[in-house]
Amino acid sequence: MNQLNGIDFGTPKSESSELITLEIDGINVTVPKGTSVMRASVESGINVPKLCATDSLESFGSCRLCVVEIEGRRGFPASCTTPAENGMKVKTQSPKLASLRKGVMELYISDHPLDCLTCPTNGNCELQDMAGVVGLREVRYGYEGKNHLDLKKDESNPYFTYDASKCIVCNRCVRACEETQGTFALTISGRGFDSRVSPGQNEAFMDSECVSCGSCVQACPTATLTEKSVIALGQAEHSVTTTCAYCGVGCSFNAEMKGSEVVRMVPNKNGGANHGHSCVKGRFAWGYATHKDRMNKPMIRAKITDPWKEVSWEEALTYAAKEFRRIQGVYGKDSVGGITSSRCTNEEVYLVQKLIRAAFGNNNTDTCARVCHSPTGYGLKQTIGESAGTQTFDSVMKSDVIIVMGANPATGHPVFASQMKRRLRQGAKLIVIDPRTTEMVKSPHIKAEYHLKLKPGTNVAVVSALAHVIVTEGLLKEKYITERCDLKSYAEWKEFVSRQENSPEAMAEITGVPAEIMRGAARLYAKANNGAIYYGLGVTEHAQGSTTVMGIANLAMVTGNVGREGVGINPLRGQNNVQGSCDMGSFPHELPGYRHVSDATTRMLFEDAWGVKLDPEPGLRIPNMFEAALDGTFKGLYCVGEDIIQSDPNTQHVVSALESMECIVVQDLFLNETAKYAHVFLPGSSFLEKDGTFTNAERRISRVRKVMPAQAGKSDWETTQALSNALGYPMNYSHPSEIMDEIAKLTPTFHGVSYPRLDELESIQWPCNAESPEGTPTMHIDEFVRGKGRFIITQYVATDEKVTRKFPLILTTGRILSQYNVGAQTRRTENNQFYSEDRLEIHPHDAEERNIKENDWVGIESRAGQTVLRATITENVQPGVVYTTFHFPESGANVITTDNSDWATNCPEYKVTAVQVMPVTQPSEWQREFKQFDELQQALLHAAQAPIHS
């Protein structure tokens, strides 16, 4: 067990409420029933030697090092597999036990390289530790006989090495792959002396089904599986607990350090969201923070065709402030605004929206949550009164039936997916609603009971059909509805969904899902004791995204599945702080805590705290900013941590809008696609260089802790504060904890949140206030936040984006496990070895019709534009549907997405674009222009960075 990661109790904790008492080495020990003798010993301060046991895995009993003596029993049972019993008397130390353990250890060492002084895990090796614990002083068996010392290393994985010569076949890595990760990529091949860990069928790790989550490396007690960073840098000497800056799971990690250099990131076993598990991104893909592409000097230029000029922080901030004030003087107060990112901390987002409202004097603030989960905020606010998920992730372990709609947790939220798969292996049933056949439909030891393979754009029709079955077949929970819901809206909704036009049979032609499958899925969910719904961007990024979210809430309420563990409405937020960026008031119509800017009482609260008058009118959303820019009324933008050119739809439209502006200030880690259109560049800071908090998809607020100095000299919050001061609006925080104190003071759901409280509890799920001082894992327990749950009619309206003879296919988009969002972080790591280009998935039938072969270059054209990708032919997509990811800027996935959007929130309809696909032999015109522009901007950057010779 990694020494910096706390005590290893050997076996998992028992959840039993019944207590038993036993005697261990003469000491009375009381533990929950079901606790192993080993864990009972460790909890009482008596350590038992072990090698195959670790508290993240079920006991296995193979190493025979943890044997004990139990009064009245024959032999020497393994303490890891022996449950503690009332009145049991245990001896962990005796001459016989010492002899047995020493003999076992001697056998291990006789087939193990004795290169401890040069071994990369020297100082952090359990085999080495246990040899010392049992007092091994000599090995009587030489190396002359058969052994494994000449086995070759597998160096194929970019992040860790597999050295089979050091394997003791404890099975921990195999069990971690099965129990923790759920991939089942590892096995023990051979028998007896020939036994060795094997990825797949004796394949290299990179050729196997291994997903590089690191659970095997974490579990290994020797140097068999070792991080290459540890081999290169040596053992860490201190550890700082922080929070991952990738997806919305919000995994807690221990950044293991040598000075200010990260040696490795180890998942924190006490992490409330991840419980010691991780994925390839959080575990290994942190190298971008020190990548050579990092921009560490402020820069300015008058036009985007000018070379950049490196300047001091003071000059850059003064120039930016002067330009914003000039623009407002010419075009009016509302001619400038800001966009913030869900990759920023809560404190940073709060400061950006405060700067815009207080220093700019308008509400032109928006966030990238606009283009992913804004329909969640709207839909849940309307139905249950709070725009956030209702549960903790751990709640899934009490679910009986799980619906996964428009999401692929295995790639988008992999650590949570592992937990969900664990529950499915225990017997829970799964319903997948997705146009593609994803890993959640079928993977090792799990298979969906129903896969509703709907046509993209027909989510509302499917949800209404499911509701129709529940209502017309009497599968609803009348008592729950009567007690918890608004009966007038319920009666109107019930009449609506009961209509024949909403039946599975009527909707089958629209959705492409056979009626019997929809009926079976509805019955399975409605009859469950605990039914939970998890959904993602495949729900929200549609013209009817908000309608579908409300439809999901309707389903949960009508079946009584809100307000306890194992149920709920659970949006899987895409980025690390999507929830937090919304909580912090980054939308143009809401102040922190989701309170409308038009509310005079709320506005007065902030005016008193900030010392300025606030505009009562909502500001511009991101799409409105673009339109206003093209109209000539929006001329200045402060963009923090967000690459809108790559991430927003209809790229050419976004480019035109940016070209119409007079001052774009980008604050980021790299010269991203948006920064190439900027006039001021302010270097950003990575999550390793800052203090703050992130709020994950389960409303869990977790600390982000600075582990290294900011490369550019300022953390992001300091930069925003300095810009505000340059604009003439003073901010004088000395630490992000002071910003959180202000947030807590002004935001009811955060009243009880502070850094000392977070340090004490490790994390807190809001609401946290006087009523819930330790947070709220499950919401809406006795009543909904809005009082009575409100049912809303969900009329299906077909999207304007329709297939035609010219554009006969539907393009939908998504993610891959190893890359993240626009790829700015993961593309600058070894994750490129897993996935190095965006590709177009196309069904064999559609490929054959177009004479497209595997790996062919194909042109994808929509009414918005054209790009070229290589083809992957797969039955994971259905005929008539194609699919791609958007991780690489040169792919231009959003060149072809249109500006269609959700009716309520303007969330773009990324998931439905009518296209044609045909074989081509050269890049698209846009790609050629992109390459030319990129080369120009790189040259202008290098001109600024070139040394000046006298």
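The structure presented is a predicted model; accordingly, all values stated were derived computationally and were not measured.

Caption draft 1: Region of interest: the layout of surface pockets. Of the pockets and cavities examined, the largest pocket occupies roughly 1,500 Å³. If you list the elements that add at least two residues to the lining of the largest pocket, you get α4 (172–181), α5 (215–219) and α12 (414–425). Of all the elements, α4 adds the most residues to the lining of the largest pocket, at 5 residues. Classifying every residue of the lining of the largest pocket by side-chain character gives 11 nonpolar, 17 polar and 13 charged. One number sums up the size of the second largest pocket: a volume of about 950 Å³. Lining of the second largest pocket is provided by 38 residues; of these, Val211, Thr411, Glu439, Ile816 and Leu817 occupy positions nearest its centre. At 4 residues, the largest contribution of residues to the lining of the second largest pocket is made by α12. The class makeup of the residues in the lining of the second largest pocket is 15 nonpolar, 16 polar and 7 charged.

Caption draft 2: Spatial organisation of the pairing of strand β23 (residues 568–571). Of the two faces of β23, the one lined by Gly568 and Asn570 and the one lined by Ile569 and Pro571 are each fully buried. Across 4 bridges, strand β22 (residues 531–535) lies against β23 in parallel orientation. Bridge pairing links Tyr534 to Asn570 in β23.

Caption draft 3: Quick peek at the sheet that holds strand β30 (residues 700–704). Sheet architecture is open: 3 strands sit in the order β29-β30-β31, paired in antiparallel fashion. The open sheet terminates on both sides in strands that have one partner only, identified here as β29 (692–695) and β31 (763–765). The mean inter-strand angle of the sheet, taken between neighbouring strand axes irrespective of direction, is 30 degrees. Pairing analysis gives 3 bridges linking β30 to β31, with the strands arranged antiparallel. Among the inter-strand pairings, Ser702 is bridged to a residue of β31, identified as Ser763.

Caption draft 4: Seen up close, helix α16 (residues 504–511). Buried within α16 we find Pro504, Met507 and Thr511. In an axial view of α16, the angular spread of the buried residues amounts to 65 degrees, which keeps them on one side of the axis. As for α16, its buried residues are in contact with α13 (459–472) and α17 (515–527). Two residues or fewer past α16, Gly512 is found with a positive phi of approximately 80 degrees.

Caption draft 5: Focus on helix α19 (residues 545–558). Taking 1.5 Å of rise per residue, 14 residues should cover 20 Å, and α19 covers 20 Å from first to last C-alpha, within 8% of that figure. The element α19 is largely enclosed, with a buried count of 14 among its 14 residues.

Calculation criteria
Residues numbered from 1 in each chain as written. Predicted model: local features only at pLDDT ≥ 70, side-chain atom pairs only at ≥ 80, totals over all residues. Heavy atoms only, no water. 1 Å grid on protein atoms, 1.4 Å probe; cavity = no way out; pocket = protein on both sides within 12 Å on 5 of 7 lines; lining within 4 Å. Points joined across faces, edges and corners; volume = space filled by probe spheres on them. Helix = DSSP H or I, 4+ residues; strand = E, 2+ residues; numbered from the N terminus. Nonpolar A, V, L, I, M, F, W, Y, C, P; charged D, E, K, R; others polar. Buried < 20%, exposed > 50% of the residue type's maximum accessible area, 1.4 Å probe, protein only. Pairing = 2+ DSSP bridges. Axes fitted to C-alpha atoms, helices over the stretch in contact; angles between N-to-C directions. Arc of directions from axis to C-beta. Contact = heavy atoms within 4.5 Å. Expected span 1.5 Å × (residues − 1).

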